[in-house]
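Each chain, letter by letter, is given below.
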Amino acid sequence: MTILVVCEQRQGELKDVSLEMIAAARKTASEGEKVIALVMGSGVEKVAQLVAEHGPDEVVLVDSSELLYYTYDAYKHVLLTAIKEARPEVVLSSYTSQGMDFFPGLAASTGMAMLSDCVNLSKKEGTLGATRQLYGGKIEANYSLPLPCIVTVRQGAYSALPPQKPAPVRKEDVDFAGVELRTKVSGYETPPKEDVDIEKAKVIVSVGRGIEKKENLPVFEELVKSIDGAVLAGSRPVIDNGWLPKGRQVGVSGKTVRPKLYVALGISGAIQHLSGMSGSELIVAVNKDRDAPIFKVAGIGVVDDIFKFVPALISELKKN
Amino acid sequence: MVINRTPVSCHGDLVKIAVLAKAVPDVKNVRLTMKENDIDTADLNFLINEQDSYSLEEALRLKEKFGGEVIVITAGGEARRKGMTQVVRECYAKGADRGIMIVDEAFQKLDDLARARVFSSLLTQEKPDVVICGSQSFDTATSRMGPMVAEFMGIPHASLITSLEPLEGGKAFRVSRDLEQGVQEILQIGTPCLLTTQTGINTPRYAALSKIIMATRKEIRTVSLQDAGAAQGDIGKFDLVKVVSAGFPAEKASNVLILKGTPEEEAAQLVRSLREKGLLQR
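Anyway, here's the lowdown on the structure attached to this text. (Residues numbered from 1 in each chain as written. Chains lettered and ligands numbered in written order. Predicted model: local features only at pLDDT ≥ 70, side-chain atom pairs only at ≥ 80, totals over all residues. Heavy atoms only, no water.)

**What to know about the overall build of chain A**
Heads up, the rule is: What counts as a helix is a DSSP run of H or I of at least four residues, what counts as a strand is a run of E of at least two, and both are numbered from the N terminus. Each residue's exposure class comes from its accessible area (1.4 Å probe, protein chains only) as a fraction of the maximum for that residue type: buried when under 20%, exposed when over 50%, partly exposed otherwise. Residue contacts are counted whenever heavy atoms from the two residues lie within 4.5 Å of one another.
The number of helices and strands found in chain A is nine helices and 17 strands. The principal-axis extents of the C-alpha atoms in chain A amount to approximately 70 × 45 × 35 Å. The buried share of chain A, reckoned over its 320 residues, is 58%. Contacts spanning at least 24 positions in sequence make up 63% of the contacts within chain A whose residues lie at least 6 apart.

Following this line, the structure appears as structure tokens:
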């Protein structure tokens, strides 16, 4: 069996998650089975070298100016070429913004089975087993995919292998003649710098959809003032609604934080949020829903209405 | 002869926009029970998938700008007919022109790849300029549907969009895609195309009560898998991923200490505990 790992880089910088993907492939493949890593981009020789040191049997490098940015059409063309050559039983990559855009279409194009956001990959007789969560983390299901198949794997589910003797890097030329690129990327925009750096805070008070509206923010701001060194942050819906600026967002599309104390108020704990804060030393969660996934990562939980609990907490903090 | 020349209006290009809207069970504050490798939805309410409500809003805004038609498409098993009807009516109340419901028990059990094949067959009959759907559905959250449908239809796609700016009178778009760490990718895409919306792209409108009442009288076209135009063999060929088992995640990972009492008692326990751990300055 061959597993083809599709690595991800942006502007010549390898995504750490790609090294986790090689580890996932290594763990899923039996001894003697091959793990090939595919690196695509423009001027990404160094990326390929880095990948080569983290456990694949071979790195295939496709370097072309056509691949300066990720576009579905150009990437698909390269990957279809690589699949034709390597004939992998499993194509494995990361469940990221690129993974979400790229692989579902590839499944439709090739007729290969495809599942996203997987953990616990396991090979069984002619199939690949995978586990994933549903309903905001309330349910977990085990799946079976016939081979050949495509899976994207959840970030943090596997740990990257330590650097080792580099695998050979094989440079492949891909002809782009006749490939129409139907989307055209003009560049990237990065969010403006914030006055408060939530990544450096010792204590984070984080609010979620449970605060209901912007007008309710003052009580949470008062709580922040009652705790030394605390800053206010929020989950995605809070930022989407414009209640807090983008720089205060915790989670996959925001920032990853590891404070000593993380107080989650009215946050249910979507996986995208959890992956941005589960490394905190102590997590205190307050939510009305006892089954909210946030309680799974919390050290201390309060199953109550934040609008009753937070004022009580403020007055308790003021007592001394 | 004097010809009264009015300026050429950019409102002349009518667009046909199809929105894929999924009816998803509301599982907030509910104790779930299992049935046949999924949750038992018999007693649950169904809502429009939140991400799809952003898609509808974006579609309505395009229609307001260029004129044209917004078609809402939803699908599910017979048991979900009521929930799906509510979803289409909500879309009607907000301004959608036409609704199509694929009601077929067989659909409910299909892998997304086969479902995408069904949607693409139906959409190919409709020939929309733009197809819009949420980047993810709350229930299964696999983020697969949009790009799969686009590939089957042979049209380009852009996923996770956080802004949509029409160019050339709606013949093309400049969109931002939401990458990690707040980075936005800017790209151009021509029609016909499929877009998947990310949360935060807009604030969906509320429907007026009068329109909600009117919506209950508006017809919804109901079709079977066969009517949708998907060949049986085709569906089988793409129905690949199977659920083996499902249930509640093991509790072993959780060692949360749940505080008990009134809010005041809970607060006192929490402050004491945080002080003991040295996490609060006195």
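There's more to say after this.
**Focus on the sheet that holds strand β12 (residues 193-197) of chain B**
What counts here: By the convention used here, strands pair only if DSSP detects at least 2 bridges between them. As a rule, the C-alpha atoms of each element are fitted with a line to give its axis, helices using only the stretch in contact, and angles between N-to-C directions run from 0 to 180 degrees.
The ten strands lie next to each other as β12(A)-β11(B)-β10(B)-β9(B)-β12(B)-β8(B)-β1(B)-β6(B)-β7(B)-β13(B), forming an open sheet whose pairing is mixed. Each edge of the sheet is formed by a strand with only one pairing partner; in this case those strands are β12 (183-189) of chain A together with β13 (221-223) of chain B. When the angles between neighbouring strand axes are averaged without regard to direction, this sheet yields 30°. One ladder, built from seven bridges, connects strand β10 (residues 172-178) of chain B with strand β11 (residues 184-190) of chain B; its direction is antiparallel. Paired with B:S176 across the strands is B:I186, a residue of β11(B). Taken strand by strand, helix α4 (residues 97-110) of chain A contacts β9 (157-167) and β10 of chain B, and its axis lies near 95° from that of β9(B).

**Considerations on the environment of A:L38**
One can find A:L38 in strand β4 (residues 34-41). Spatially, the C-alpha atom of A:L38 lies 39 Å from that of A:G208, the residues being 170 residues apart in sequence.

**Considering the nonpolar core**
Formally: The term nonpolar core refers to a set of buried residues drawn from Ala, Val, Leu, Ile, Met, Phe, Trp, Tyr and Cys, joined through side-chain atoms within 4.5 Å.
Counting 104 residues, the largest nonpolar core has A:L79, A:L92, A:F102 and B:F119 as the members making the most contacts within it. Those residues in contact with A:L79, other than ones at most four positions away along the chain, are A:L4, A:V6, A:L38, A:V91, A:F102, A:F103 and A:L106. In this structure, B:A21, B:L62, B:L164 and B:L187 belong to the second largest nonpolar core, which totals 39 residues.

**As for helix α2 (residues 81-94) of chain B**
Residues and elements named next belong to chain B. Heads up, the rule is: One fewer than the residue count of a helix, multiplied by 1.5 Å, yields its expected span.
Given a rise of 1.5 Å per residue, 14 residues ought to cover 20 Å, and the 20 Å separating the end C-alpha atoms of α2 matches this to within 8%. Of all the residues in α2, the buried ones are G83, M84, T85, V87, V88, C91, Y92, A93 and K94. Buried residues along α2 sit against β2 (23-25), β5 (46-48), α1 (50-66), β6 (68-76), β7 (98-103) and α6 (209-215). Remark: G95 follows α2 within two positions and exhibits a positive phi of approximately 130°.

**Some details on unusual backbone geometry**
Here the amide bond leading from A:L147 into A:P148 is cis, since omega sits at -5°, within 30 degrees of zero. By secondary structure assignment, the location of A:P148 is in the loop between β9 (139-146) and β10 (149-153). Omega for the peptide link from B:T191 to B:P192 comes to -5°, which places this bond in the cis form. The residue B:P192 is located in the loop between β11 and β12 in this model. Positive phi outside glycine occurs at B:K127, with the angle close to 50°. Take B:K127: it is sitting in the loop between α4 (112-126) and β8 (130-134). Taking the relative accessible area as the measure of exposure, B:K127 reaches 63% and is therefore exposed. The phi dihedral of B:A141 is positive, around 50°, even though this residue is not glycine. With respect to the element layout, B:A141 can be found in the loop between β8 and α5 (145-153).

**Let's talk about α5(B)**
The buried count for α5(B) comes to nine of nine residues, which makes it a mostly enclosed element. Looking at the residues trailing α5(B), positive phi occurs at B:G154, about 75°.

**Some points on the interface of chain B and chain A**
Applicable threshold: Within this document, salt bridges are pairs made up of a side-chain nitrogen of Lys or Arg and a carboxyl oxygen of Asp or Glu, the two lying within 4 Å of each other. Classification convention: Asp, Glu, Lys, Arg as charged; Ala, Val, Leu, Ile, Met, Phe, Trp, Tyr, Cys, Pro as nonpolar; all other residues, Gly among them, as polar.
Chain B puts 83 residues into the contact, and the matching count from chain A is 81 residues. Counting across the chain B and chain A interface gives seven salt bridges. Here B:E180 ties to A:K15 by a salt bridge, and the two come within 3.6 Å at their closest N and O atoms. Among the secondary structure elements, those contributing two or more residues to the side of chain B that touches chain A are β4 (38-39), α5, β9, β10, β11, β14 (242-247), β15 (257-259) and α8 (263-276) of chain B. Take the side of chain B that touches chain A: its biggest share by element is ten residues, from α8(B). In the side of chain B that touches chain A, the residues fall into 42 nonpolar, 23 polar and 18 charged.

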